[in-house]
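Survey of secondary and tertiary structure
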Amino acid sequence: MLKKVLLEECLKINKLIPEYNKEKYSYDYFASRYKGKNPLLFAAYSEKAPVGYMISYDKYNDSSFYCWMTGVIPQHRNQGILKKMMLFLEKTAKKQGYKSIKLTTRNMRRAMLAYLVKYGYNIIDFSAQSKIKHNKSIWEKEL
């Protein structure tokens with residue numbers, strides 16, 4: 001089940017995702033990213049327990065909707081949760097008149113890279129970092 005949530009719920013789930021829990025993300029940091037930019041925050045649940053979340057917003061003001069943060073708790077991965085969240089995002093963005101979804105990911109996020117290739121996203125930009133695993137790529141999918 002997917003439902004729209006407040007930032008507090010996303011932060012609670014974020015702490016359960018090992019790739020993110022070392023980061024020093026605060027409520028203010030998250031909220032400042034999407035303030036005034038048509039945010040969409042939602043979470044995925046399995047038997048009323050949170051299993052993932054997504055935060056998206058209108059970052060570029062160019063008819064694209066930006067998927068900023070998303071994650072699935074490890075023990076719930078490979079169950080189609082990311083796909084359900086991404087499809088919900090695409091459907092919601094399209095309903096609001098957006099023409100594409102954009103997102104940024106890093107080389108070290110291998111599962112996300114595989115998902116993006118499999119489901120029709122294309123690389124539109126790239127940023128080299130000091131370590132190859134931290135290289136960033138920007139992806140887009142037309143809706």
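Here we summarise the structure given alongside this text. (Residues numbered from 1 in each chain as written. Predicted model: local features only at pLDDT ≥ 70, side-chain atom pairs only at ≥ 80, totals over all residues. Heavy atoms only, no water.)

**With respect to the environment of K35**
Turning to its location among the elements, K35 is positioned in the loop between helix 2 (27-34) and strand 2 (40-46). Taking the C-alpha atoms as reference points, K35 and D58, 23 residues apart in sequence, are found 9.9 Å from one another. (Helix = DSSP H or I, 4+ residues; strand = E, 2+ residues; numbered from the N terminus.)

**Some details on the pattern of salt bridges**
This structure, assessed with the given rule, holds four salt bridges. The closest approach of N and O atoms between R77 and E19, which form a salt bridge, is 2.8 Å. Of the two residues, R77 is situated in the loop between strand 4 (64-72) and helix 3 (81-95) and E19 in the loop between helix 1 (7-14) and helix 2; the sequence distance between them amounts to 58 residues. The class of R77 is partly exposed, set by a relative accessible area of 29%. For K102, the salt bridge goes to D62, with nearest N and O atoms at 2.7 Å. Placement of K102 in strand 5 (residues 100-106) and of D62 in the loop between strand 3 (49-57) and strand 4 is noted, with a sequence separation of 40 residues between them. (Salt bridge = Lys/Arg side-chain N within 4 Å of Asp/Glu carboxyl O. Buried < 20%, exposed > 50% of the residue type's maximum accessible area, 1.4 Å probe, protein only.)

**Observations regarding the packing of helix 1 against helix 2**
At a minimum axis separation of 11 Å, helix 1 and helix 2 run at an interaxial angle of 125°. One element, helix 1, and the other, helix 2, form an angle in the oblique class. Pair helix 1 / helix 2 crosses with right-handed handedness. Across the interface between the two elements, L7, E8, L11 and N14 of helix 1 pack against Y27, F30, A31 and Y34 of helix 2. Here the residues of the contact of helix 1 with helix 2 are counted per class, giving six nonpolar, one polar and one charged. (Axes fitted to C-alpha atoms, helices over the stretch in contact; angles between N-to-C directions. Parallel < 35°, antiparallel > 145°, perpendicular 65-115°, else oblique. Left-handed = near helix turned anticlockwise from the far one by under 90°. Contact = heavy atoms within 4.5 Å. Nonpolar A, V, L, I, M, F, W, Y, C, P; charged D, E, K, R; others polar.)

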